[in-house]
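# Notes for the structure review
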Amino acid sequence: MSDNLTFPPGFIWGAATAAYQIEGAWDTDGKGESIWDRFAHTPGKIAGGDTGDMACDHYHRWQEDVAHMAALGLSSYRFSIAWTRVFPDGGAQPNQRGLDFYRRLVEALNSRGIAPAVTLYHWDLPQALQDRGGWLNRDTALRFAEYAAFLFRQLGGEVPLWITHNEPFMQAFYGHGTGENAPGHRNPWEILTVGHHLLLSHGLAVEAFRAAAPRPASPAAPAPQIGIVLFIWPQHAASDSPRDLAANSVVDGSMNRLFLAPLFADGYPDDILRHFARRGMRPAVRPGDMAIIGRPLDFLGINTYTRLINRAAPRDLLSGARQLPPHGPTTAMGWEIYPDCIGEALRKAREYTTLPLFIAENGAAFDDVVGPDGTVDDQPRVDYLRAHIAAARRAIAEGIDLRGYYIWTLMDNFEWSKGLGKRFGLIYTDFTTQRRIWKRSAHWYRDVIARNGLPQE
Ligand code: GCO
């Protein structure tokens, strides 16, 4: 720790994935249909007509994938459980084969010394629950808590880090406002209620976790913990004009504060509630909900990739803002490469909580190609990761309690509405043969993990 490249002992080096993005086998072994199955099977929703039907075929190739994780030296692997494998129709009848898949995966990870970090919900609601209103229906929050409680009983002690939700913002705003994600609703009036029910389901799951109090498999191991993963993207005003500053504050309020404040402060931010109320939008809050949502957590995970620059655009219904084009080089997603997003996101979280923090996702898509010699030289990704990991190290030096860093993502996978064309992986996936090829960045990350820090440049 004497230099500015080495990380504290025990720092967690991870990689993250999500069920629908990697597993494939969308209807195998009793799995039920999820809203992402339905959405991806709807013509016109996904670039190139891609689906996650096969994705990385991880459901059948998980042993090979765990071997790659072990070869990288990962200290933790963050993945999500597909609700529809465990409860195919979202009801109370579990599907043993689905549960067994995750049990074997968790066992294999633990036996390799790779700590499982399990996300319960990465956007793939059972379609059967969607048919009953999905996250607009308060009952879905109760079903989620039952699903969570079941997993805490079955696997609770084997999983050191439990995550209730990944980015409720995206499910609410992209699933129900822009319609870019499943279930594809374009109805901004649904957003706040969906967001509220997601947060309520989170709080109910935390209560179920405390009630189950899962014990670690070995007495020496630390007690399992529970937290949530939020999207925190730094927001910058395009100018110091009051209009741009106000517009920027609304975007920051919708993306970041709308979720941080109810979880860690005293409820939804007033300015944002007023902003939406003027548009006729209100969350469906009942007495007692905010106390459930605010139940104490053990950690907070943060996903951050870039920043946005906002200027006033009064005609924009939702935020009254428009984003300026990026101010510098971008990734293949068109996202500005802005390494300070790490420090800014961590400091934003720090305004709300002193809990241990994780960067639960950070990474970049580039147009990687397999060269004539069969290798993938993704130097731009190495540069991206180096700059962002260095920013994480600076945040620790500032005194921020950052415990770990997870790269998005282990291997190229199904990037939601962008399909299979946006490659974020350390490992290249040939989607025709399902061959995995380590990119330069995978070799580089293995070295970072081995030395617990960045190599000299
Ligand atoms: C998200 C999700 C991931 C994405 C990644 C790249 O942040 O949107 O958690 O599933 O694939 O962020 O866009």
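Below is a short write-up of the structure. Not measured: the values here are computed from a predicted model.

### Focus: the overall build of the protein chain
On a plain count of helices and strands, the protein chain comes out with 15 helices and 13 strands. In summary, the protein chain has a C-alpha radius of gyration of 21 Å against a globular reference of 23 Å for 457 residues, a match within 12%. Each of the three principal axes of the protein chain carries a C-alpha extent, and together these read 55 × 55 × 50 Å. With an accessible surface of roughly 17000 Å², the protein chain has 51% of that area assigned to carbon and sulfur atoms. With 46 positive and 50 negative side-chain charges, the protein chain shows a separation of 3 Å between the mean positions of the two kinds.

### Regarding helix α14 (residues 379-397)
For α14, spanning 19 residues, the distance from its first C-alpha to its last is 27 Å, which sits close to the expected 27 Å at 1.5 Å a residue. Among all positions of α14, only Arg 381, Val 382, Tyr 384, Leu 385, Arg 386, His 388, Ile 389, Ala 391, Ala 392, Arg 393, Ala 395 and Ile 396 are buried. Those residues of α14 that are buried are in contact with β1 (12-16), α13 (341-350), β10 (357-362), β11 (402-408) and α15 (440-451). Gly 399 lies just past α14 and shows a positive phi near 105°.

### Here we look at the pattern of salt bridges
Opposite charge on two side chains permits pairing when their charged atoms draw close. Per the counting criterion, the structure on display carries 28 salt bridges. A salt bridge links Arg 257 to Asp 271, with the nearest nitrogen and oxygen atoms 2.9 Å apart. Linking Arg 257 in helix α10 (residues 242-264) with Asp 271 in helix α11 (residues 270-277), this pair joins segments that are 14 residues apart in sequence. Residue Arg 257 is classed as buried on the basis of its relative accessible area, which comes to 12%. The network of salt bridges with shared partners includes Asp 368, Asp 378, Arg 381, Asp 412, Arg 423 and Lys 439.

Rules and cut-offs
Residues numbered from 1 in each chain as written. Predicted model: local features only at pLDDT ≥ 70, side-chain atom pairs only at ≥ 80, totals over all residues. Heavy atoms only, no water. Helix = DSSP H or I, 4+ residues; strand = E, 2+ residues; numbered from the N terminus. Rg over C-alpha atoms; globule rule 2.2 N^0.38 Å. Areas by Shrake-Rupley, 256 points an atom, 1.4 Å probe, with all protein chains shown as cover. Lys, Arg positive; Asp, Glu negative; His and termini not counted. Charge placed at Lys NZ, Arg CZ, Asp CG, Glu CD. Expected span 1.5 Å × (residues − 1). Buried < 20%, exposed > 50% of the residue type's maximum accessible area, 1.4 Å probe, protein only. Contact = heavy atoms within 4.5 Å. Salt bridge = Lys/Arg side-chain N within 4 Å of Asp/Glu carboxyl O.

Everything listed here is a matter of geometry and, on its own, says nothing about what the molecule does.
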